[in-house]
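Each chain is listed here by its residues.
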Amino acid sequence: MKIIFHTALSLGAAATLNAAASLTLLNDNFTDETLSGWTPPSGMSMSVTNDSAGIGSGNALLIKTTSSNRRGTALFDQPVTLSASNSITLKMDYRYLYGPTNLNQSLEFRFTDSVSVSSNYMGIVMNPATNAAQALIFGRKGDTNEGKKNSFNHGTNTQSIVLTVTRIVDTNNISWAQFDLSWTNNPAGPYTAGKTSAVVNPAAEFTFDTLSIGITGGAKTDGLLLDNILVTTTESGVITPVLGDVEIGILPGSTNVALTWLSENGVSYGVEATTNLVTGPWDQAMISIPGNGGSVSVTGTLVEAETFYRVYVEE
(Lines give C-alpha, C1' and ligand atoms only; values in the text may rest on other atoms or scores of the structure.)
Protein backbone atom coordinates (compact mmCIF):
# COMPACT_ATOMS: atom_id res chain seq x y z
CA MET A 1 0.00 0.00 0.00
CA LYS A 2 1.43 3.34 -1.03
CA ILE A 3 0.35 6.67 0.46
CA ILE A 4 1.37 10.03 -0.95
CA PHE A 5 0.73 13.12 1.19
CA HIS A 6 0.29 16.68 0.02
CA THR A 7 -0.53 19.70 2.21
CA ALA A 8 -1.67 23.24 1.38
CA LEU A 9 -2.60 26.03 3.75
CA SER A 10 -5.85 26.91 2.03
CA LEU A 11 -6.15 25.79 -1.56
CA GLY A 12 -2.72 27.24 -2.19
CA ALA A 13 -3.41 30.62 -0.55
CA ALA A 14 -2.93 32.00 2.94
CA ALA A 15 -6.24 32.36 4.75
CA THR A 16 -7.38 35.15 7.01
CA LEU A 17 -10.14 34.96 9.60
CA ASN A 18 -11.39 36.55 12.74
CA ALA A 19 -9.71 35.39 15.91
CA ALA A 20 -11.59 33.90 18.84
CA ALA A 21 -12.48 35.96 21.89
CA SER A 22 -9.20 34.97 23.52
CA LEU A 23 -6.14 34.20 21.42
CA THR A 24 -3.12 32.48 22.95
CA LEU A 25 0.17 34.14 22.00
CA LEU A 26 2.56 32.25 24.29
CA ASN A 27 2.01 29.16 26.44
CA ASP A 28 4.98 27.48 28.14
CA ASN A 29 5.07 25.23 31.19
CA PHE A 30 8.45 23.75 30.19
CA THR A 31 7.24 20.14 30.20
CA ASP A 32 9.28 19.56 27.03
CA GLU A 33 12.43 20.41 29.06
CA THR A 34 13.68 22.79 26.36
CA LEU A 35 14.25 26.53 25.96
CA SER A 36 12.49 26.59 22.61
CA GLY A 37 11.64 30.20 21.73
CA TRP A 38 13.57 31.72 24.67
CA THR A 39 16.69 33.84 24.15
CA PRO A 40 18.94 34.98 27.02
CA PRO A 41 21.34 37.91 26.55
CA SER A 42 24.97 37.92 27.65
CA GLY A 43 25.18 38.06 31.42
CA MET A 44 22.05 35.91 31.82
CA SER A 45 21.71 32.14 31.83
CA MET A 46 18.50 30.16 31.30
CA SER A 47 17.90 26.49 32.04
CA VAL A 48 14.98 24.18 32.73
CA THR A 49 14.93 22.59 36.18
CA ASN A 50 12.51 20.63 38.32
CA ASP A 51 10.84 22.84 40.91
CA SER A 52 8.16 20.48 42.16
CA ALA A 53 9.13 21.30 45.73
CA GLY A 54 8.83 25.05 45.07
CA ILE A 55 6.29 26.29 42.53
CA GLY A 56 4.98 22.75 42.58
CA SER A 57 4.04 22.17 38.96
CA GLY A 58 7.11 20.25 37.77
CA ASN A 59 9.65 21.88 35.46
CA ALA A 60 10.34 25.60 35.60
CA LEU A 61 12.59 28.11 33.85
CA LEU A 62 15.58 29.05 36.00
CA ILE A 63 17.11 32.47 35.33
CA LYS A 64 20.44 33.61 36.76
CA THR A 65 22.29 36.84 36.02
CA THR A 66 25.90 37.86 36.40
CA SER A 67 25.36 41.45 35.24
CA SER A 68 22.75 44.11 35.92
CA ASN A 69 19.92 45.04 33.55
CA ARG A 70 19.62 41.68 31.83
CA ARG A 71 16.47 40.84 29.86
CA GLY A 72 15.55 37.50 28.31
CA THR A 73 12.88 37.23 25.61
CA ALA A 74 10.35 34.80 24.16
CA LEU A 75 8.63 35.31 20.81
CA PHE A 76 4.85 35.04 20.53
CA ASP A 77 3.29 32.61 18.08
CA GLN A 78 2.25 35.68 16.09
CA PRO A 79 2.30 39.47 16.52
CA VAL A 80 -0.74 41.35 17.76
CA THR A 81 -1.80 44.99 17.41
CA LEU A 82 -4.35 46.08 20.00
CA SER A 83 -7.38 47.99 18.80
CA ALA A 84 -9.62 50.08 21.05
CA SER A 85 -10.74 48.38 24.30
CA ASN A 86 -8.68 45.26 23.63
CA SER A 87 -5.96 43.97 25.91
CA ILE A 88 -2.98 41.68 26.31
CA THR A 89 -2.52 39.65 29.50
CA LEU A 90 0.38 37.81 31.13
CA LYS A 91 -0.30 35.09 33.68
CA MET A 92 2.69 33.46 35.33
CA ASP A 93 4.02 31.81 38.49
CA TYR A 94 7.43 32.78 39.81
CA ARG A 95 9.63 32.64 42.90
CA TYR A 96 13.16 33.54 43.96
CA LEU A 97 15.56 30.81 45.05
CA TYR A 98 16.91 33.19 47.67
CA GLY A 99 14.82 35.92 49.22
CA PRO A 100 15.98 39.23 47.66
CA THR A 101 17.07 41.95 50.06
CA ASN A 102 18.60 44.45 47.67
CA LEU A 103 16.64 47.47 46.51
CA ASN A 104 18.13 47.02 43.04
CA GLN A 105 16.99 43.44 42.46
CA SER A 106 14.03 44.72 40.49
CA LEU A 107 11.90 42.33 38.48
CA GLU A 108 10.61 43.50 35.10
CA PHE A 109 7.92 42.21 32.74
CA ARG A 110 7.44 43.80 29.31
CA PHE A 111 5.27 43.37 26.26
CA THR A 112 7.42 44.55 23.38
CA ASP A 113 8.33 43.87 19.78
CA SER A 114 11.41 42.11 18.50
CA VAL A 115 12.39 44.90 16.11
CA SER A 116 12.54 47.72 18.66
CA VAL A 117 12.73 45.80 21.94
CA SER A 118 14.41 48.67 23.81
CA SER A 119 12.42 51.54 22.32
CA ASN A 120 8.85 50.20 22.29
CA TYR A 121 7.46 48.43 25.33
CA MET A 122 4.76 48.43 27.98
CA GLY A 123 5.07 46.66 31.31
CA ILE A 124 6.01 46.90 34.97
CA VAL A 125 9.07 47.05 37.19
CA MET A 126 8.82 46.02 40.84
CA ASN A 127 11.20 45.74 43.74
CA PRO A 128 10.77 42.37 45.50
CA ALA A 129 12.60 43.41 48.68
CA THR A 130 11.29 45.52 51.57
CA ASN A 131 13.40 48.64 51.45
CA ALA A 132 11.74 50.70 48.72
CA ALA A 133 9.00 53.27 49.17
CA GLN A 134 8.13 53.27 45.48
CA ALA A 135 8.52 49.72 44.39
CA LEU A 136 6.00 49.15 41.62
CA ILE A 137 6.20 51.18 38.41
CA PHE A 138 3.86 50.81 35.44
CA GLY A 139 4.51 52.39 32.11
CA ARG A 140 5.78 52.46 28.59
CA LYS A 141 8.97 53.70 26.96
CA GLY A 142 9.51 57.33 27.96
CA ASP A 143 6.57 57.30 30.37
CA THR A 144 7.47 54.98 33.23
CA ASN A 145 6.11 56.62 36.37
CA GLU A 146 2.37 56.31 35.96
CA GLY A 147 1.72 54.13 39.00
CA LYS A 148 3.70 53.41 42.15
CA LYS A 149 3.01 51.28 45.16
CA ASN A 150 4.94 50.28 48.27
CA SER A 151 6.96 47.07 48.15
CA PHE A 152 6.41 43.88 50.06
CA ASN A 153 8.81 41.07 50.91
CA HIS A 154 8.68 38.31 48.32
CA GLY A 155 11.04 36.00 50.17
CA THR A 156 11.03 32.62 48.42
CA ASN A 157 7.25 32.36 48.26
CA THR A 158 5.59 31.42 45.00
CA GLN A 159 3.80 34.36 43.39
CA SER A 160 1.02 34.06 40.80
CA ILE A 161 0.92 37.25 38.79
CA VAL A 162 -1.63 38.60 36.29
CA LEU A 163 -0.67 41.70 34.30
CA THR A 164 -3.06 43.24 31.75
CA VAL A 165 -2.43 46.16 29.39
CA THR A 166 -5.54 47.60 27.73
CA ARG A 167 -5.74 50.13 24.92
CA ILE A 168 -8.18 52.90 25.85
CA VAL A 169 -9.42 55.31 23.17
CA ASP A 170 -11.26 58.43 24.33
CA THR A 171 -13.90 60.53 22.57
CA ASN A 172 -11.17 62.57 20.88
CA ASN A 173 -9.71 59.38 19.37
CA ILE A 174 -6.65 59.63 21.62
CA SER A 175 -5.13 56.32 22.74
CA TRP A 176 -3.96 55.57 26.27
CA ALA A 177 -2.64 52.50 28.05
CA GLN A 178 -4.31 51.12 31.17
CA PHE A 179 -2.36 48.75 33.44
CA ASP A 180 -3.94 46.23 35.85
CA LEU A 181 -1.91 43.95 38.11
CA SER A 182 -2.77 41.33 40.70
CA TRP A 183 -0.73 38.65 42.40
CA THR A 184 -0.91 36.30 45.37
CA ASN A 185 0.79 36.79 48.72
CA ASN A 186 0.74 40.56 48.32
CA PRO A 187 -0.77 42.13 51.45
CA ALA A 188 -1.70 45.24 49.47
CA GLY A 189 -3.93 43.31 47.05
CA PRO A 190 -4.51 44.03 43.35
CA TYR A 191 -3.57 47.35 41.80
CA THR A 192 -4.75 49.43 38.85
CA ALA A 193 -2.43 52.16 37.65
CA GLY A 194 -3.47 55.48 36.18
CA LYS A 195 -3.53 55.85 32.43
CA THR A 196 -0.30 56.67 30.67
CA SER A 197 0.14 59.88 28.78
CA ALA A 198 -1.31 59.98 25.27
CA VAL A 199 0.17 57.43 22.88
CA VAL A 200 1.39 59.31 19.82
CA ASN A 201 1.86 56.33 17.49
CA PRO A 202 -0.62 53.66 18.66
CA ALA A 203 -0.22 51.45 15.59
CA ALA A 204 3.42 50.91 16.57
CA GLU A 205 3.25 51.21 20.35
CA PHE A 206 0.36 48.76 20.71
CA THR A 207 2.01 46.14 18.49
CA PHE A 208 3.68 43.29 20.38
CA ASP A 209 5.35 40.02 19.42
CA THR A 210 7.68 39.41 22.37
CA LEU A 211 7.60 38.86 26.13
CA SER A 212 10.63 40.31 27.90
CA ILE A 213 11.53 39.28 31.47
CA GLY A 214 14.48 40.87 33.18
CA ILE A 215 16.42 41.63 36.33
CA THR A 216 17.07 45.35 36.27
CA GLY A 217 18.81 47.85 38.50
CA GLY A 218 22.36 47.49 39.75
CA ALA A 219 22.22 43.98 41.19
CA LYS A 220 22.33 40.40 39.95
CA THR A 221 20.25 37.46 41.09
CA ASP A 222 21.26 33.95 42.10
CA GLY A 223 18.06 32.42 40.85
CA LEU A 224 14.58 33.32 39.62
CA LEU A 225 12.15 30.52 38.71
CA LEU A 226 9.28 31.03 36.24
CA ASP A 227 6.53 28.60 35.26
CA ASN A 228 3.08 28.32 33.68
CA ILE A 229 3.69 31.34 31.44
CA LEU A 230 0.60 32.27 29.45
CA VAL A 231 0.12 35.35 27.26
CA THR A 232 -3.31 35.92 25.72
CA THR A 233 -5.11 38.74 23.95
CA THR A 234 -8.73 39.74 23.49
CA GLU A 235 -7.88 41.28 20.14
CA SER A 236 -10.44 40.13 17.56
CA GLY A 237 -8.90 41.67 14.47
CA VAL A 238 -7.81 39.78 11.38
CA ILE A 239 -4.97 37.33 11.91
CA THR A 240 -3.04 35.02 9.61
CA PRO A 241 -3.04 31.58 11.20
CA VAL A 242 0.00 29.35 10.95
CA LEU A 243 -0.39 25.78 9.74
CA GLY A 244 2.51 23.66 10.95
CA ASP A 245 4.05 20.63 9.26
CA VAL A 246 1.56 17.79 8.86
CA GLU A 247 2.57 14.26 9.82
CA ILE A 248 0.88 11.20 8.30
CA GLY A 249 0.85 7.54 9.27
CA ILE A 250 -1.09 4.28 9.10
CA LEU A 251 -2.54 3.06 12.40
CA PRO A 252 -1.06 -0.37 13.27
CA GLY A 253 -3.17 -3.33 12.16
CA SER A 254 -5.66 -1.23 10.20
CA THR A 255 -6.29 0.70 7.00
CA ASN A 256 -6.91 3.93 8.90
CA VAL A 257 -4.74 6.94 8.16
CA ALA A 258 -3.84 9.50 10.86
CA LEU A 259 -2.98 13.16 10.21
CA THR A 260 -1.37 15.34 12.91
CA TRP A 261 -0.43 19.03 12.83
CA LEU A 262 0.20 21.99 15.11
CA SER A 263 -2.96 24.08 15.46
CA GLU A 264 -4.02 27.44 16.88
CA ASN A 265 -6.79 28.37 19.29
CA GLY A 266 -9.86 29.80 17.60
CA VAL A 267 -8.98 28.35 14.19
CA SER A 268 -10.94 25.60 12.38
CA TYR A 269 -9.36 23.20 9.91
CA GLY A 270 -10.50 20.90 7.14
CA VAL A 271 -9.04 17.92 5.29
CA GLU A 272 -9.45 17.12 1.61
CA ALA A 273 -8.40 14.00 -0.30
CA THR A 274 -7.87 12.97 -3.93
CA THR A 275 -6.52 10.02 -5.84
CA ASN A 276 -5.09 12.20 -8.61
CA LEU A 277 -2.80 15.04 -7.60
CA VAL A 278 -2.75 16.50 -11.14
CA THR A 279 -6.40 16.58 -12.16
CA GLY A 280 -8.24 16.03 -8.85
CA PRO A 281 -10.98 16.45 -7.86
CA TRP A 282 -10.35 17.22 -4.21
CA ASP A 283 -13.12 15.73 -2.05
CA GLN A 284 -14.05 16.94 1.41
CA ALA A 285 -12.86 14.37 3.95
CA MET A 286 -13.35 16.26 7.24
CA ILE A 287 -14.54 19.73 8.23
CA SER A 288 -14.77 21.96 11.32
CA ILE A 289 -11.80 20.47 13.12
CA PRO A 290 -11.17 22.85 16.06
CA GLY A 291 -7.66 24.02 16.88
CA ASN A 292 -6.51 23.92 20.49
CA GLY A 293 -3.15 25.67 20.51
CA GLY A 294 -1.35 22.31 20.37
CA SER A 295 -1.24 19.18 18.23
CA VAL A 296 -4.46 18.02 16.57
CA SER A 297 -4.86 14.48 15.21
CA VAL A 298 -7.62 13.08 13.01
CA THR A 299 -8.12 9.63 11.51
CA GLY A 300 -9.96 8.31 8.48
CA THR A 301 -10.34 5.14 6.47
CA LEU A 302 -8.01 4.73 3.50
CA VAL A 303 -10.10 3.59 0.51
CA GLU A 304 -7.61 3.74 -2.36
CA ALA A 305 -4.06 2.43 -2.34
CA GLU A 306 -2.71 5.77 -3.57
CA THR A 307 -4.27 8.79 -1.91
CA PHE A 308 -3.26 12.42 -1.54
CA TYR A 309 -4.33 14.60 1.40
CA ARG A 310 -4.20 18.30 2.19
CA VAL A 311 -5.07 20.24 5.33
CA TYR A 312 -6.39 23.78 5.07
CA VAL A 313 -7.64 26.60 7.28
CA GLU A 314 -11.37 27.18 7.03
CA GLU A 315 -12.55 30.68 6.16
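Owing to the predicted nature of the structure, the values given are computational and were not obtained by experimental measurement.

Student: Provide a residue-level description of the pattern of salt bridges, including the pertinent values.
Tutor: Under the definition given, this model contains four salt bridges. Across the pair D51 and R95 runs a salt bridge whose closest N-O atoms are separated by 2.8 Å. Of the two residues, D51 sits in the loop between β4 (44-50) and β5 (59-65) while R95 sits in strand β7 (residues 87-96), which places them 44 residues apart along the sequence. You can call R95 buried: its relative accessible area is 12%. Salt-bridge contacts for R110 lead to E108; the nearest nitrogen and oxygen are separated by 3.2 Å. What makes R110 buried here is its relative accessible area of 8%.

Student: Describe the environment of T232, and please don't skip the residues or the numbers.
Tutor: Note that T232 resides in strand β16 (residues 224-233). The residues touching T232, leaving out its near neighbours within four places in the chain, are S22, L23, T24, L25, S87, I88 and T89.

Student: Account for the side chain of T210, naming residues and giving values.
Tutor: Counting through the fold element by element, T210 comes out in strand β15 (residues 207-216). A polar side-chain atom of T210 sits 2.7 Å from a polar atom in the side chain of D209. When sequence neighbours within four positions are dropped, the list of residues in contact with T210 reads T73, A74, L75, F76, R110, F111, T112, D113 and S114.

Student: Break down the sheet that holds strand β22 (residues 295-301) for me, with residues and values.
Tutor: Pairing is antiparallel across the open sheet formed by three strands, whose spatial order is β18-β19-β22. On the outer flanks of this sheet lie β18 (247-250) and β22, each paired with one strand and no other. On average, adjacent strands in this sheet sit at an angle of 20° to one another, irrespective of strand direction.

Student: Describe the side chain of N59, naming the residues involved and giving the relevant values.
Tutor: Note that N59 resides in strand β5. A polar atom in the side chain of N59 sits 3.2 Å from the backbone oxygen of F30. Once residues lying within four places of it in the same chain are set aside, the contact partners of N59 are N29, F30, T31, E33, V48, T49, N50 and D227.

Student: Mind laying out the packing of aromatic side chains, listing which residues take part and the relevant values?
Tutor: Counting across every chain of the model gives four aromatic pairs. Ring geometry for F111 against F208: centres 6.1 Å apart, planes inclined by 55°, an arrangement best described as tilted. With F111 in strand β8 (residues 106-112) and F208 in strand β15, this residue pair connects regions lying 97 residues apart in the sequence. Per residue, the accessibility class of F111 equals that of F208, and both read buried. The ring of W282 carries R310 above its face, with NZ or CZ at 4.0 Å from the centroid.

Student: So what about the sheet that holds strand β23 (residues 308-313)? Which residues, and what values?
Tutor: On the basis of which strands lie adjacent, the open sheet formed by three strands has the order β21-β20-β23 and antiparallel pairing. The open sheet has two edge strands with one neighbour each: β21 (283-290) and β23. Neighbour to neighbour, the strand axes of the sheet diverge by 20° on average, direction disregarded. Bridge count for strand β20 (residues 268-274) against β23 is six bridges, and the pairing is antiparallel. Paired with V271 across the bridge in β23 is V311.

Student: Summarise the environment of N86; cite the residues concerned and give the values.
Tutor: Here N86 shows up in the loop between β6 (70-81) and β7. Reaching out from N86, the side chain makes a polar contact with the side chain of T234 at a distance of 3.0 Å.

Student: Describe the nonpolar core, with residues and values.
Tutor: Nonpolar side chains in soluble globular proteins tend to end up buried together. Of all hydrophobic cores here, the largest spans 41 residues; its most connected members are I88, Y94, F109, F111 and L211. When residues of this core are assigned to their parent elements, the largest contribution, five residues, is made by β7. Counting 15 residues, the second largest nonpolar core, distinct from the first, contains V246, L259, V267 and Y269.

Rules of the game
Numbering of residues starts from 1 in every chain and runs along the sequence as written. Owing to the predicted nature of the model, reporting of local features is limited to residues with pLDDT of at least 70; listing and counting of side-chain atom pairs is limited to 80 or more, with chain, interface and lining totals taken over all residues. Hydrogen atoms and water are omitted, and side-chain values are computed over all heavy atoms in the structure. The rule for a salt bridge is simple: a side-chain nitrogen of Lys or Arg has to be within 4 Å of a carboxyl oxygen of Asp or Glu. Working definition: helices are DSSP H or I runs of at least four residues, strands are E runs of at least two. Numbering for both runs from the N terminus. Per-residue accessibility, obtained with a 1.4 Å probe over protein chains only, is compared with the maximum for each type, and a residue is labelled buried under 20%, exposed over 50%, and partly exposed between these values. Whether two residues are in contact is decided by their heavy atoms, any of which lying within 4.5 Å being enough. The term polar contact refers here to a pair of N or O atoms within 3.5 Å; inside protein, the definition further demands a hydrogen-donor-capable atom paired with an acceptor-capable atom, and it admits residues adjacent in sequence only when both atoms are side-chain atoms. Here, strands pair whenever DSSP counts at least two bridges between them. Each axis is a line fitted through C-alpha atoms, taken for helices only over the stretch in contact, and angles between the N-to-C directions span 0 to 180 degrees. In summary, the pairing rule links any two rings of Phe, Tyr or Trp, Trp by its six-membered ring, whose centres are within 6.5 Å, and it sorts them by plane angle into stacked for under 30 degrees, edge-to-face for over 60 and tilted for everything else. Whether a charge sits over a ring comes down to the Lys NZ or Arg CZ being within 6 Å of the ring centre and within 35 degrees of the ring normal. Only buried residues count toward a nonpolar core. Its members are Ala, Val, Leu, Ile, Met, Phe, Trp, Tyr and Cys residues joined through side-chain atoms within 4.5 Å.

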